[in-house]
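# Observations on chain architecture
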Amino acid sequence: MSPAAPTSTSGSLLFRPIQLNTLELDNRIVISPMGMFSASADGIPGDWHKMHLGTLALSGAGLVIMEATAVSPEGRASDRCTGLWTDEHAAAMHDVLSFCRRLAPAKFGIQLSHMGRKAGRPVPWKAHRQPAEGLWDPVAPSAIAYPGNNVPHPLSKSEMSQLLRAFADAARRADDIGFDLLELHSAHGYLLHSYLSPHSNARTDRYGGTRSARMRFPLEVFEAVRAAWPSGKPLGVRVSATDWTPQGWQLEDTVAFASELASRGCDYLCLSSGGSSPEQRIELSPGYQVGFAETVKTEAGITTMAVGLITTASLAEQILKRGQADLVAIGRAALANPRWPLHAAVELGEAVGVAPQYARAFTQLPPRGAGS
Ligand SMILES: Cc1cc2nc3c(=O)[nH]c(=O)nc-3n(C[C@H](O)[C@H](O)[C@H](O)COP(=O)(O)O)c2cc1C
């Protein structure tokens, strides 16, 4: 159920705790998942992740969500993206998470993903040294290439069953590692979104055609993950609310998908958009996807997370005050300024604790005891 907009007259809403399933977050600021393309060639995280996530653990955000992490080797965006398909990956991820937890009290989530027909692309800053058409042949619901990528292999029913197991196994590993929250990536044209969208799904079996048939595989993945992930731990889904094309997935489809997810125990939806078709025409402006979070929150009655060009504390606060979303995810603004939440606290006059080592930079905030 979506919580009602908090009604207090004093104190900001951004720094009001929120409960997701049995997890309590100190505030409503989430660091959005952001792929770093910095794992080993086998998808194992390392020093970069410790440095990057450790910094964000000290940011003051209530929740940090680790980057899109693939459930199988061919599901990675590039050969340097993180994965969680073996116990070796889990051990390295555990090392990263333990390092962060020793330094700061932030809660940590992980995003599980399969990039489908957009997998196997070069690392962005090495694109000139790698084959333009992609590093391996991708898989997808149908043999429809994302323009510029290799034509994907259409998944058979038994390959889809293997993927269900891969998602569930990765969810179990994420729980064993100690993540507090799990998010399924069903946005940006990647595998689960590619089943939903008419741009990429032309199947003629039970998994294509009508909207409910196109939703079937993503819902099966959700069910498999919900069964593998503890019932008390929050499980959310990131979706593209619209393909931004007349023929594609629309906001009303997202509302229907959200209702199906909510009835299966989904704890929140993060509303992003686009990624299915190069013909998309996105209307960018501050908070341009917030309306999607508001519609889904109102019409499907599910907790929502807003994301996209939310760069100021005042906009984040306004989104919550208007009851448009329950949580606010910050992406690039947190890369540019990893202490974004602490600056937001100062701006909103909130006395949130700061690591004592940084207290002299935030004289308006009280030092907290931990983090020595
Ligand atoms: C470097 C980078 C990597 C990203 N990787 C992911 C990812 O792994 N998973 C995901 O769902 N979104 C990813 N995104 C999208 C962000 O999570 C976020 O939705 C987007 O940047 C818009 O929010 P912003 O305007 O606050 O940056 C990435 C964005 C950036 C800039």
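Report follows, based on the coordinates. Predicted, not measured: the structure shown is a model, and the values here were computed from it.

## Structural notes on the sheet that holds strand E12 (residues 327–330)
Taken together, the 8 strands give a closed barrel; going around it, the order is E3-E4-E5-E8-E9-E10-E11-E12, and neighbouring strands pair in parallel fashion. Across the sheet, the mean angle separating the axes of adjacent strands is 25° when strand polarity is ignored. Relative to strand E8 (residues 181–186), strand E5 (residues 107–113) runs parallel, the two sharing 4 bridges. Its bridge partner lying in E8, glycine 109 is registered against leucine 181. Along the sheet, helix H2 (residues 87–103) contacts strand E4 (63–70) and E5; its crossing angle with E5, the most-contacted strand, is approximately 155°.

## Considering the site of the ligand
Surrounding the ligand, one finds 15 residues, the nearest of these being Pro33, Gly35, Gln111, Leu309 and Arg332. Within the side chain of serine 32, a nitrogen or oxygen atom sits 2.8 Å from an oxygen atom of the ligand. In this structure, arginine 238 approaches the ligand through a side-chain N or O atom, which is 2.9 Å from an oxygen atom. Burial of the ligand by the protein amounts to 80% of the accessible area it has alone, namely 610 Å². Judged by its atoms lying within 2 Å of the grid points, the ligand is housed in the largest pocket. Tallied by class, residues from the shell around the ligand come to 6 nonpolar, 7 polar and 2 charged.

## So, empty space enclosed by the protein
Following the criterion strictly, the structure yields 1 cavity of 30 Å³ or more and no others. Estimated volume of the largest cavity: approximately 50 Å³. Surrounding the largest cavity, Ile31, Ser32, Met34, His52, Leu53, Leu56, Val64, Ile65, Met66 and Glu67 form its lining. Of all the secondary structure elements, the ones that give two or more residues to the lining of the largest cavity are helix H1 (47–57) and E4. Considering every element that reaches the lining of the largest cavity, the biggest residue donor is E4, with 4 residues. Per-class residue counts for the lining of the largest cavity are 7 nonpolar, 2 polar and 1 charged.

## Some details on the pairing of E8
Here E8 lies mainly inside the structure; 6 of its 6 residues are buried. Side chains Leu181, Glu183 and His185 project from E8 onto one buried face, and the interleaved Leu182, Leu184 and Ser186 project onto a second face that is buried too.

## Structural notes on helix H5 (residues 211–228)
For H5, built from 18 residues, the straight-helix expectation of 26 Å at 1.5 Å per residue is met to within 8% by its first-to-last C-alpha distance of 26 Å. Taken as a whole, H5 carries its principal kink of about 35° at phenylalanine 217; the proline proline 218 stands between one and four residues after it.

## Considerations on the pairing of E5
For a regular strand, side-chain orientation follows a simple rule: the groups alternate between the two sheet faces. Taken across its 7 residues, E5 has 6 buried, putting it largely inside the fold. Direction of pairing for E4 relative to E5: parallel, over a ladder of 7 bridges. The partner of isoleucine 65 across the bridge, within E5, is glycine 109. Read from E4 through H2 to E5, the crossover connection turns out right-handed.

## As for the nonpolar core
What tends to happen in soluble globular proteins is that the nonpolar side chains get buried as a cluster. Counting 97 residues, the largest nonpolar core has Leu84, Phe108, Phe179, Leu182, Phe217, Leu269 and Ile310 as its most contacted members. Looking at this core, the element that brings in the most residues is helix H3 (residues 157–177), giving 10 residues. With residues up to four places along the chain from it excluded, the contact list for phenylalanine 217 reads Met160, Leu163, Leu164, Leu191, Leu192, Tyr195 and Tyr207.

## A word on the side chain of serine 32
Mapped onto the elements, serine 32 comes out in the loop between strand E3 (29–31) and H1. Owing to a relative accessible area of 5%, serine 32 belongs among the buried residues under this scheme. Polar contacts involving the side chain of serine 32 include one to the side chain of arginine 238, which spans 2.7 Å. If we ignore the near neighbours within four places in the chain, the residues touching serine 32 are Ile65, Arg238, Val307, Ala329, Ile330 and Gly331.

What counts, and at which threshold
Residues numbered from 1 in each chain as written. Predicted model: local features only at pLDDT ≥ 70, side-chain atom pairs only at ≥ 80, totals over all residues. Heavy atoms only, no water. Pairing = 2+ DSSP bridges. Helix = DSSP H or I, 4+ residues; strand = E, 2+ residues; numbered from the N terminus. Axes fitted to C-alpha atoms, helices over the stretch in contact; angles between N-to-C directions. Contact = heavy atoms within 4.5 Å. Near = heavy atom within 4 Å. Polar contact = N/O pair within 3.5 Å; in protein donor to acceptor, adjacent residues only side chain to side chain. Areas by Shrake-Rupley, 256 points an atom, 1.4 Å probe, with all protein chains shown as cover. 1 Å grid on protein atoms, 1.4 Å probe; cavity = no way out; pocket = protein on both sides within 12 Å on 5 of 7 lines; lining within 4 Å. Sits in = over half its atoms within 2 Å of the grid points. Nonpolar A, V, L, I, M, F, W, Y, C, P; charged D, E, K, R; others polar. Points joined across faces, edges and corners; volume = space filled by probe spheres on them. Buried < 20%, exposed > 50% of the residue type's maximum accessible area, 1.4 Å probe, protein only. Expected span 1.5 Å × (residues − 1). Bend = angle between axes of the 7 residues up to and from the residue. Right-handed = clockwise from strand over helix to strand, strands pointing away. Core = buried A, V, L, I, M, F, W, Y, C linked by side-chain atoms within 4.5 Å.

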